[in-house]
Amino acid sequence: MNETKEVEILLVEDNQDDLHMTLRALRKANLANHIQIAHDGAEALDFIFARGAHAGRKVENGPKLILLDLKLPKIDGLEVLQRVKGDPRTKTIPVVILTSSKEQKDVIESYKLGTNSYIVKPVNFEGFAAAVQDLGMYWLLLNLPPNH
Amino acid sequence: MFRNTPIRQKLMAVSLLTSGVVLLLTCAAFVTYEIVTLRTGMIQGYTTRAQIIAANSTAALAFQNESDAASVLAALKMDKRIMVAGIYDNQGKFFAKFPATAAPGLFPARPGKSGYRNGHLEIFCPVIEGDRMLGTVFLQSDLSALTSRYRAYAWLSAFIVTCSILVAYLLSRTLQKQISQPILALAETAKAISERRDYSVRARKFGADELGLLTDAFNQMLADIGEQEHALREENTERKQAEDRLKASLKEVNDLKAALDEHAIVAITDAQGKITYVNDKFCAISKYSRAELLGQDHRLINSGHHSKKFIRDLWTTIARGQVWHGEIKNRAKDGSFYWVDTTIVPFLNDDGKPRQYVAIRADITGRKRAQEEAAREQARFRLIFESTPVGIAYAIVQPDGQYQRIINDAHLRICGLTREQDKSPGIYQRLVHPEDALRQQKLADELLGPDRTGKISLEKRFVKLDGEVVWVAFTFQRRKCADGNYEELTTVVDINDLKNAEAEIRQLNAELEQRVARRTVELEAANKELEAFSYSVSHDLRAPLRAVNGFAGIVLDDFGPLLPDAGRNYLERIRNGGQRMGELIDDLLAFSRLSRLAMNRQPVNSMRIVQESLDELKPLLEDRQIELRIGELPTCQGDPLLLKQVWINLLSNAIKYSRDRAPAIVEVGCTRDDGENVYFVRDNGVGFDMQYVGKLFGVFQRLHRADEFEGTGVGLAIVQRIIHRHGGRVWAEAQLNHGATFYFTIEGENQP
C-alpha cells in the first residue's frame, strides 16, 4: 500500500467473499484505484486516526469514503462509526454502512451515530454488484464534499 | 163613648149635658104650650071676627044684598093677614067675596069645618038669624103671625140655652176642679209610680173628703206595696243569684262534659250494665251506631282477649262502689280490635248502691301497637344481636363513670370469656397483646376527641386466658348522647382465619414473585438468545449465502462462455437455490420479529388499511381481471402495522390463488357473530382440501407446490401469530377448486 497516495475509499470488511465481490464490483466500475482495506474495526481506526501501522499518515488526509461493515472482529462497525463521526477531523468523511443486517435497531443506531447511508447487501449477485457500484459512483463522483 | 176621655172633660160633659137637656126640655115645653095657645087663640080670634061679620051680614044675606055683603067684607081689609074672605048662602052657594078681585078658585067650593089647611087658617062661621041659618062666612088667613112668633120663640130659646150653657160651663169648670184635681193628682201619682216603679212617691191630699180618704188609702197601699216590692226585690236578687250560680255551674258541667266528650270515649250504663249513654267517640271507635249500642251491654264489644277473672274482678270492684282502672282490648263492629285505657266510676244512690256506672276511656291502640311493635323490635334486635358473628358490646356510660352494658355471646366467644369472667374488673386489660397495647393507645390518642368521643378501628390481637392468640378487627366508638351520658359501641370480628389466610397468601405471593422473577430472568435470557440467534441468522447466514450466490454469478459472468450448457445450468440452479434460501431467511426473520415487537394498540380504520394494502399489492393486479368487492368494515382496536400485514398477506393470497379465474373475485367484509366482528377475505380461487386445514397456519407449511404457486409458507403463519397476539381467532373454510374464505376476529372487538 502506498501511503503517500491519496486513499479514495476505505473498505472495512472481514468477510473475504464479500471483500472479493465488493472489490470486483468497484473495479468493474473503475472505482478501485485507491482503495485501503481494513479487516477489522481496530485496523480501520488505526488507519483513520493514523495510529499503529499507519502512524505516519496525516489524519486530515483521510479517505473520501468509508464503506463499513457492522459485524467486525475486535471493534465493531458501530463503534468505528461513532469514533469517526465524533472527531471533528473526520466527521465530514461520508460513511456508508454496507451490511447483511436488516435489523431495524442497527439501521436506527447507525443513523443516530451519523452514517450517511445504510445499504443492505443483497443476496442476489447482480443486485449486490449494482448496489456497490451505485454507491461508489454517488459518493465519489457525484457528491460534493466540503473543502478542507 | 167617653170611656177614654179624661175625667175632667167627663165631669164637664156631664154637667153641661145635664143642664143642656134640662134647658132644652123646659124650652120645648114652654114653646109647645105657647104655640098651642097661640093657635087656639088665633082660631078664636078669627072665629070672633067671622061671627062679627056674620052678624053684620045677616041683613045682606037675608036680602040677598051682595054689595052690602061685600062692604061688610071690605072691613076686613084692616087686617092684613086676611088673605081672602067670602060668604056662602044657605045653600052653600058662593055669595060674596073679599077682596073683590080674588079669583073664585081661591075659595073652597062648599063651606066646611074650621081649621089649619094648606098653610092657611080657614074659618067657617054660620050666619044665623034666629034659628035659621042664612049662610056661612068664610075667612082665610095666612100664618105669618104664627111664623114670626115661632121665630121669636126659637131665637129666645136659643139665646136662653146658649147663655145657660155658657154659665153652666163656667160653673162646672170651677166646680169640677174640686173633684177632678185630687183624682187627677192620684192618677198622675199612680202613673208616675207605674212608670218609675218608685213606691216612695206619695199622693198629695187635697181635703178630708172621700177623695182625701181615697188618697190616704192609696198612699197606705203604696207604702205596703213599697215594702212588699222591696222584699220581693231582695228575694228576686237572691233567687237570681242562686239561678246564676246554678247556671254557671250547669254551664261548667256542660263544658266539662263537652271537654270530656271531646277527649274521651264515654259510656254510661245502668246498674245492670245496660248502656244508657254513649258519646260520639264511643260510636266512632266501636263503629256501632248509637241505636245499636243503647240497651246493649258491653259484651257487644268484648274481644275475648281478657280472662274471665279479669272481667269478674272488674265487676266486683265497681259493684262495691269502687273505681276500677285498667286497659281493655275491645272489638269493633268490623272485627278490628282496639285498646282503651278505662276508668269506671260507679255513681251511687242514697243507699250507697251503684245507680249507674260511667266509663271513661282513652284510645291507646296506637300506644299498644307501638308497645307491641317495640317488643317485636326488641325481639328482632335480640335475635340479630345474639346471632351475628360480630362481637358487640354496647354501654351507656354516665359522666360519673357508672355504666350499663350489654354484650353478646359472639363477643364473649371471640374473647374466650364466660359471662362471669366478663364481669370481673380489668379482665379486658389482661387480654391485650403486648405488641398492640401501645399501638391502640396511640391510635386512640390520635383519633378520639377531648372527651374520648369518636371512632377508632384497628386490627389487633386478643390473648385469651388460655394463652391462645386471636386476631380481631376491632372498632370502638364513643359519642355523647343528648342526655349528657355517653354511649360506647365496641365491635370485634374474628379475623384469625383471614389473617392466617392472608399470611399464607403473602407467603405464596412472595414465592410466586420469586418464581416470576426467576422465570423473567430465564425468559429474558431466552429472548436475548433468540435475538442473538436472529441477529446471527440475519447477518451470518446470509453472508455464506451471498458468497454461494455471488460467486456462482461471478463464474457465470466471467467464465460462462467456457462452460458447457449443463455446467451453466447447474450454476443457475445454485444461484436460484441461494436466492430462495435468502427469501426463506427473510421471511423467517420477519416471523420471529413479530413475537419480539411491542404491540401498539390504537383505533384502526379497517377500511383505510385495506385500501392501503390493496395499493401496495397493485403490482399483483396488473394484467389481471379481478373483481374486488369491499364491504363495510368497522373500526377496531389493534396495532395498525401488524393488522396491515394481516390484510396484505390474506389479500395477496386471495389474489395469488385466484389467478386462474377470469374474472377472479376477491371479497372483503365483516359479519357480526355472537357480538363479535368477524372479518373475512374470500376468493373464488383454487381453494384447498379441508382435510389439510390443520396444516394451513404452520410455518413453512404449504398446500401447493412451489412451481404451482410461489411462496415460502410463512404468510399465514404470520397472520395467525398477529391475530393471536391481538387475542383473536383465525380460521379458514375452503373447497378444492371452489375458493377459500379466511376469517379472523380481534379481541375487544365486541362493540357494535
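Quick caveat, the model's predicted, so the values are computed rather than measured.

S.K.: Can you walk me through the overall build of chain A in this structure?
M.R.: Tallying secondary structure elements over chain A gives five helices and five strands in all. Put simply, chain A runs from its N terminus to its C terminus through helices and strands in the order β-α-β-α-β-α-β-α-β-α. Counting only residues that meet the buried cut, chain A has 51% of its 148 residues in that class. Nonlocal contacts in chain A, meaning residues at least 24 apart in sequence, comprise 65% of its contacts between residues at least 6 apart. Per element, the accessible surface of chain A, about 7100 Å² overall, is 51% carbon and sulfur.

S.K.: Help me out: how do you make sense of the pairing of strand 12 (residues 403-407) of chain B in this one?
M.R.: The side chains of a regular strand alternate, first on one face of the sheet and then on the other. All names here are of chain B. Across five bridges, the pairing between strand 11 (residues 391-397) and strand 12 is antiparallel. Looking at the pairing, A393 lines up with I407 of strand 12. Here strand 11 folds back onto strand 12 in antiparallel fashion, the turn holding five residues, of which G401 has a positive phi close to 100°.

S.K.: Explanation requested: the sheet that holds strand 19 (residues 664-673) of chain B in the structure shown.
M.R.: Strand pairing in a sheet takes place through backbone hydrogen bonds and is either antiparallel or parallel in direction. All names here are of chain B. The strand order across the open sheet formed by five strands is 17-19-20-22-21, and the pairing between neighbours is mixed. This sheet does not close on itself; its edge strands, each paired only once, are strand 17 (626-630) and strand 21 (730-734). On average, adjacent strands in this sheet sit at an angle of 15° to one another, irrespective of strand direction. Both strand 21 and strand 22 (residues 740-744) contribute to a ladder of five bridges, which runs antiparallel. The residue bridging W731 from the neighbouring strand is Y743, located in strand 22. Contacts from helix 16 (residues 606-616) reach strand 17, strand 19 and strand 20 (676-683), with the element oriented near 165° to strand 17. Set on the sheet, helix 18 (residues 640-657) makes contact with strand 17, strand 19, strand 20 and strand 22; between it and strand 20 the angle comes to about 30°.

S.K.: How do you make sense of helix 18 of chain B when you look at a structure like this?
M.R.: It helps to recall that an α-helix has 3.6 residues per turn; residues three or four apart then point in one direction. All names here are of chain B. Compared with an ideal rise of 1.5 Å per residue, which puts 18 residues at 26 Å, helix 18 spans 25 Å between its outermost C-alpha atoms and is within 8% of the ideal. When you tally the buried positions in helix 18, you get 15 out of 18 residues, the bulk of the element. Of the residues flanking the start of helix 18, the one acting as N-cap is D639, its side-chain oxygen 3.0 Å from the backbone nitrogen of L641.

S.K.: Honestly, the interface of chain B and chain A in this entry has me stumped. Any pointers?
M.R.: For an interface, size is often stated in terms of accessible area lost upon the parts coming together. With 24 residues of chain B at the interface, the matching set in chain A holds 24 residues. Buried area between chain B and chain A, both sides added, is near 2100 Å², and the carbon and sulfur share of it is 50%. On the chain B side of the interface with chain A, the three residues burying the most area are Y535, H539 and R546 of chain B, jointly 32% of the side's total. Put simply, chain B and chain A have four salt bridges between them. For D558 of chain B, the salt bridge is made with K28 of chain A, and the minimal N-O distance between the two is 3.8 Å. There are four residue pairs in polar contact (both at pLDDT 80 or more) connecting chain B and chain A.

S.K.: When you look at the nonpolar core in this model, what are you seeing that I'm missing?
M.R.: Nonpolar side chains in soluble globular proteins tend to be buried together. Residues and elements named next belong to chain B. With 39 residues, the main nonpolar core has W647, L650, L651, F742 and F744 as its most contacted residues. Sorting the residues of this core by element identifies helix 15 (565-596), helix 16, helix 18, strand 19, strand 20, helix 19 (715-725), strand 21 and strand 22 as the ones contributing at least two each. Top contributing element to this core by residue count: helix 18, with nine residues. In contact with F744, not counting residues within four places along its chain, are V646, W647, L650, N677, V678, Y679, I723, R729, V730 and W731. I53, A54, L61 and I87 belong to the second largest nonpolar core, which has 27 residues in total.

S.K.: So what exactly am I meant to see when it comes to the pattern of salt bridges here?
M.R.: Note that side chains of opposite charge can pair when their charged atoms are close. Following the criterion strictly, the structure yields 48 salt bridges over all chains and no others. A salt bridge links R478 of chain B to E488 of chain B; the shortest N-O distance between them is 2.6 Å. With a gap of ten residues between them, R478 of chain B in strand 14 (residues 469-480) and E488 of chain B in strand 15 (residues 486-494) connect regions that are remote in the sequence. Across the pair, exposure class does not vary: R478 of chain B and E488 of chain B are buried alike. The closest approach of N and O atoms between R568 of chain B and D565 of chain B, which form a salt bridge, is 2.5 Å. One end of the pair, R568 of chain B, and the other, D565 of chain B, are both in helix 15, three residues apart, so they sit about a helical turn from each other. Residues joined by salt bridges that share partners form a network here, namely E13, D18, D69 and K121 of chain A together with R546 of chain B.

S.K.: Teacher, can you tell me more about the confidence of the model for chain A here?
M.R.: Detailed reading of the predicted model is not advised wherever pLDDT is low. Looking at chain A, the pLDDT average stands at 83 and 93% of residues meet or exceed 70. The least confident element of chain A, judged by mean pLDDT, is helix 5 (residues 125-142) of chain A at 80; the most confident is helix 3 (residues 77-86) of chain A at 91.

S.K.: What is the right way to look at the packing of helix 16 of chain B against helix 18 of chain B in this model?
M.R.: Angle between the axes and distance between the axes are the two parameters that describe a pair of packed helices. Residue and element names in this part refer to chain B. Put simply, helix 16 and helix 18 touch, their axes get as near as 9 Å, and they point 55° apart. Classified by the angle between their axes, helix 16 and helix 18 sit oblique to one another. The handedness of the crossing between helix 16 and helix 18 comes out as right-handed. Contacts between helix 16 and helix 18 involve I609, V610, E612, S613, L614 and E616 from the former and P640, L643, K644, W647, I648 and L651 from the latter.

S.K.: For this particular structure, what's the right way to read the environment of G638 of chain B?
M.R.: Residues and elements named next belong to chain B. Within the element layout of this structure, G638 appears in strand 18 (residues 636-638). Overall, G638 belongs to the buried group, its relative accessible area being 0%. Separated by 89 residues in the primary sequence, G638 and G727 place their C-alpha atoms 10.0 Å from one another. With residues near it in sequence (within four places) discarded, G638 still touches N600, R601, Q602, V604, L643 and H726.

Analysis parameters
- Residues numbered from 1 in each chain as written.
- Chains lettered and ligands numbered in written order.
- Predicted model: local features only at pLDDT ≥ 70, side-chain atom pairs only at ≥ 80, totals over all residues.
- Heavy atoms only, no water.
- Helix = DSSP H or I, 4+ residues; strand = E, 2+ residues; numbered from the N terminus.
- Buried < 20%, exposed > 50% of the residue type's maximum accessible area, 1.4 Å probe, protein only.
- Contact = heavy atoms within 4.5 Å.
- Areas by Shrake-Rupley, 256 points an atom, 1.4 Å probe, with all protein chains shown as cover.
- Pairing = 2+ DSSP bridges.
- Axes fitted to C-alpha atoms, helices over the stretch in contact; angles between N-to-C directions.
- Expected span 1.5 Å × (residues − 1).
- Polar contact = N/O pair within 3.5 Å; in protein donor to acceptor, adjacent residues only side chain to side chain.
- Buried area = accessible area lost by both parts, 1.4 Å probe.
- Salt bridge = Lys/Arg side-chain N within 4 Å of Asp/Glu carboxyl O.
- Core = buried A, V, L, I, M, F, W, Y, C linked by side-chain atoms within 4.5 Å.
- pLDDT = per-residue confidence, 0-100.
- Parallel < 35°, antiparallel > 145°, perpendicular 65-115°, else oblique.
- Left-handed = near helix turned anticlockwise from the far one by under 90°.

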